Amino acid sequence: MTAEKFNRVQILYNAEHHPYLYGAIHIVHGSLENQWWESPFVVSKRRWNGEEVVYGTVKRIVERLFSQLERLREFRSETEARLDAEGITPLIQENSVLPESEFTARILDEQDELLEDVLLSMSANIRILSEIFSRRLKRSKVNVYDYENRCIDRIELSEIANLILHNRYILIKDQYVVDLLSDEKFMAKNPQVGLKISFPEYISEVEKIINSITVKDLITKLWGLTKNLSASSNIKDIIFLTQNLYTLGGLVLENNATIGSGPLKTIMDRVAMSHIKRIQYTEPNVTKIATTLVSDSPRFLLEPDLNQKQICIAIHINGNLETLVMDYKEFFLEVSRGYGNRKLYANPVG
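In short, a report on the structure.

About the cut-offs
Residues numbered from 1 in each chain as written. Predicted model: local features only at pLDDT ≥ 70, side-chain atom pairs only at ≥ 80, totals over all residues. Heavy atoms only, no water. Helix = DSSP H or I, 4+ residues; strand = E, 2+ residues; numbered from the N terminus. Buried < 20%, exposed > 50% of the residue type's maximum accessible area, 1.4 Å probe, protein only. Contact = heavy atoms within 4.5 Å. Areas by Shrake-Rupley, 256 points an atom, 1.4 Å probe, with all protein chains shown as cover. Salt bridge = Lys/Arg side-chain N within 4 Å of Asp/Glu carboxyl O. Axes fitted to C-alpha atoms, helices over the stretch in contact; angles between N-to-C directions. Parallel < 35°, antiparallel > 145°, perpendicular 65-115°, else oblique. Left-handed = near helix turned anticlockwise from the far one by under 90°. Nonpolar A, V, L, I, M, F, W, Y, C, P; charged D, E, K, R; others polar.

## Quick notes on the overall build of the chain
Part 1 of the reasoning: Check the secondary structure of the chain and you find nine helices and 13 strands.
Part 2 of the reasoning: With 350 residues in all, the chain has 43% of them scored as buried.
Part 3 of the reasoning: Relative to all contacts within the chain whose residues are 6 or more apart in sequence, the contacts with residues 24 or more apart total 57%.
Part 4 of the reasoning: Summed over its atoms, the accessible surface of the chain is roughly 19,600 Å², and 48% of this surface lies on carbon and sulfur atoms.

## Looking at the pattern of salt bridges
Part 1 of the reasoning: In total, this model carries 16 salt bridges according to the counting rule given.
Part 2 of the reasoning: Between Glu-52 and Arg-299 there is a salt bridge, with the nearest N and O atoms lying 2.5 Å from each other. With a gap of 247 residues between them, Glu-52 in strand E5 (residues 52–54) and Arg-299 in strand E11 (residues 299–302) connect regions that are remote in the sequence.
Part 3 of the reasoning: Residue Glu-52 is classed as buried on the basis of its relative accessible area of 17%.

## Thoughts on the packing of helix H1 (residues 58–85) against helix H2 (residues 102–132)
Part 1 of the reasoning: One can describe the packing of H1 onto H2 by two numbers: an axis separation of 9 Å at closest approach and a directional angle of 165°. The angle between the axes of H1 and H2 places the two elements in the roughly antiparallel class. Both H1 and H2 take part in a crossing whose hand is left-handed.
Part 2 of the reasoning: Grouping the constituent residues of the contact of H1 with H2 by class yields 17 nonpolar, six polar and six charged.

Everything listed here is a matter of geometry and, on its own, says nothing about what the molecule does.
As structure tokens, then:
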């Protein structure tokens, strides 16, 4: 008789350490004797307003990029108000020249500090995105200008991120990122000082990324990880997959989006039919039945037995927990059909 071969990965959640939700991964690989626990990790944090921040997710990366765009928008709005209060016109615009004074010099100094800070923060998150969506990010490039403002090359945003993280020299001047170089590389193939990129062009390209990444892009990544997942997989892949599955339900229903089709509609229809049958049984003379279903965001969870490769959809409807277990291929296909075209972040800067 052949001993059963286990291929199990299960996450147990612990919400006792508010505001943090912890997870611990239990693995059984091969024989039942070959099982172990990984150290706990933080799944998410519950903010004061009830929002749950889930760490290690593509959603959080995109949100952090958007927050930097918001910082720029707020700075511009506040600066225009300050200039207007001083009677300085025209209001600050790209390439505009402000009259020289201590007041305007202070504003320009603040702007330089902000742009450098935003660039550093964005670059870290762009680098992570480039590792997750390498093909898409390779298409994201901006012009490289020389000292005489001639366009001499183009550079990927991911390469800018690498230079930023290893930079030996960087300067923000007149809305240009000037002389960005690391210990090994310059911004162009032909090394020279005085090279620069336009910060507005860089921001525009980041906005395009935020606007272009869809639920389908994330599903494609998770599909591949699920297909290859086993109890011997790298713990980083296991955490990345489970964290992003955990938030996927919120993404497809963000901003009160309609359910449309897919596994959520299957669950809703099942609950609605159960409700109707219950009413018909207790009140057989009723001909019209109004059905109101109130739900929270669904959670998509990996079923522990990886030999089966299944996804569990869990959602509270009218206060009751409802679940549906699907083959992973069917699940991803249905979610992609129903919600794949939705943007990963619903409120990008217009």
